[in-house]
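What follows is the residue order along each chain.
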Amino acid sequence: MRHRFTLGQQIGHWTIIGLPDGEPEHKNKIRCRCVCGTIRWIYRQTLTNGTSRSCGCRRHERANAQQIAGKEKGKRVISSIHQAHLAPKYAGFGRKVNRNSTTGVPGVSLIPTSSKSAPPRYRAQINVNGKQIHLGCFESLEDAKQARKAAEQHYFKEKAQKAAHIKENTKGDKS
Ligand SMILES: [Zn+2]
């Protein structure tokens, strides 16, 4: 059975202001006014099943509220991270990876050679507490990458886990 609509009826943020007028293009549609004043023909089915609650203005408000909550949470995570003497990068914030200009891989650089015919060699290194640690020289970029990855695991795993823990345990709202 068809849902009956009446003038003045409110569905979500819509108020029904007109019923089908026989125009083919308004078939199965109801004339509605949103709380914001927007007037549209809305499919009756989207009104009855709750898909359409407003012209979109209210949905936007909700999205903004979520974005604000997300930002607030981010701020709290960062302040907790700082309190734990960790860098925000371990929690995935301010992820500004310093890519090496010669290889594009962080911590891996192409070793300059004297002749153009010499095969390429790569140096891997990692910065720990402001100290540059040399990880070795490699003939393949992949090996250098692996060495750098292993070093990241070795030196930063604990920090990354602590940061992940803080991130997981920070609530999305202030309550
Ligand atoms: Zn609206």
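Heads up: the structure comes first, above all this text.
This one's a predicted model, so the numbers in the text were calculated from it and none came from an experiment.

Peer 1: Kindly report on the pairing of strand β7 (residues 131-138), identifying the contributing residues and their values.
Peer 2: Pairing of strand β6 (residues 122-128) with β7, which is carried by seven bridges, proceeds in the antiparallel orientation. What sits directly across from Gln125, in β7, is His134. In this antiparallel pair of consecutive strands, β6 and β7, the connection spans two residues, and Asn129 shows a positive phi of 50°.

Peer 1: Give a description of the sheet that holds strand β4 (residues 39-43) that names residues and reports values.
Peer 2: On the basis of which strands lie adjacent, the open sheet formed by four strands has the order β1-β2-β3-β4 and antiparallel pairing. Strands at the two margins of the open sheet, each flanked by one partner only, are β1 (10-11) and β4. Bridge count for strand β3 (residues 29-34) against β4 is five bridges, and the pairing is antiparallel. Within β4, the residue paired with Cys32 across the bridge is Arg40.

Peer 1: Hey, could you go over the coordination of the zinc ion for me, with residue numbers and the actual values?
Peer 2: Each protein donor to the zinc ion is listed here as Cys34 (SG), Cys36 (SG), Cys55 (SG) and Cys57 (SG); together their distances run 2.2 to 2.3 Å. Here the zinc ion is ringed by four donor atoms whose angles at the metal span 103 to 115°, and the overall shape comes out tetrahedral.

Peer 1: Which residues make up the side chain of Thr170, and what values go with them?
Peer 2: Of note, Thr170 is situated in the segment after α3 (141-169). A polar contact is formed between the side chain of Thr170 and the backbone oxygen of Ile166, at a distance of 2.7 Å. If we skip the residues at most four places from it in the chain, Thr170 touches Lys73, Arg76 and Val77.

Peer 1: Outline the sheet that holds β6, supporting the account with residue identities and numerical values.
Peer 2: A sheet is described by the order of its strands in space; here three strands give the open sequence β5-β6-β7, paired in antiparallel fashion. Every other strand in the sheet has two partners, leaving β5 (108-110) and β7 as the edge strands with one partner each. Here the strands of the sheet are splayed against their neighbours by 30° on average, with no regard to which way each runs. The strands that α3 touches are β5, β6 and β7; relative to β6, the one it contacts most, it runs at about 15°.

Peer 1: Describe the pattern of salt bridges, and please don't skip the residues or the numbers.
Peer 2: What the rule picks out here adds up to four salt bridges. Between Arg148 and Glu152 there is a salt bridge whose closest N-O contact spans 2.7 Å. You can see Arg148 and its partner Glu152 sitting in helix α3, four residues apart, about one turn around the helix. With relative accessibility at 15%, the residue Arg148 sits in the buried group. Glu158 is the partner of Lys162 in a salt bridge, and the nearest nitrogen-oxygen pair spans 3.9 Å. Here Lys162 and its partner Glu158 are both found in helix α3, four residues apart, which amounts to about one turn of the helix.

Conventions used here
Residues numbered from 1 in each chain as written. Predicted model: local features only at pLDDT ≥ 70, side-chain atom pairs only at ≥ 80, totals over all residues. Heavy atoms only, no water. Pairing = 2+ DSSP bridges. Helix = DSSP H or I, 4+ residues; strand = E, 2+ residues; numbered from the N terminus. Donors = N, O, S within 2.8 Å, 3.2 Å for Na, K, Ca; no water. Tetrahedral: all angles 85-135°; square planar, octahedral: opposite > 155°, others 65-115°. Polar contact = N/O pair within 3.5 Å; in protein donor to acceptor, adjacent residues only side chain to side chain. Contact = heavy atoms within 4.5 Å. Axes fitted to C-alpha atoms, helices over the stretch in contact; angles between N-to-C directions. Salt bridge = Lys/Arg side-chain N within 4 Å of Asp/Glu carboxyl O. Buried < 20%, exposed > 50% of the residue type's maximum accessible area, 1.4 Å probe, protein only.

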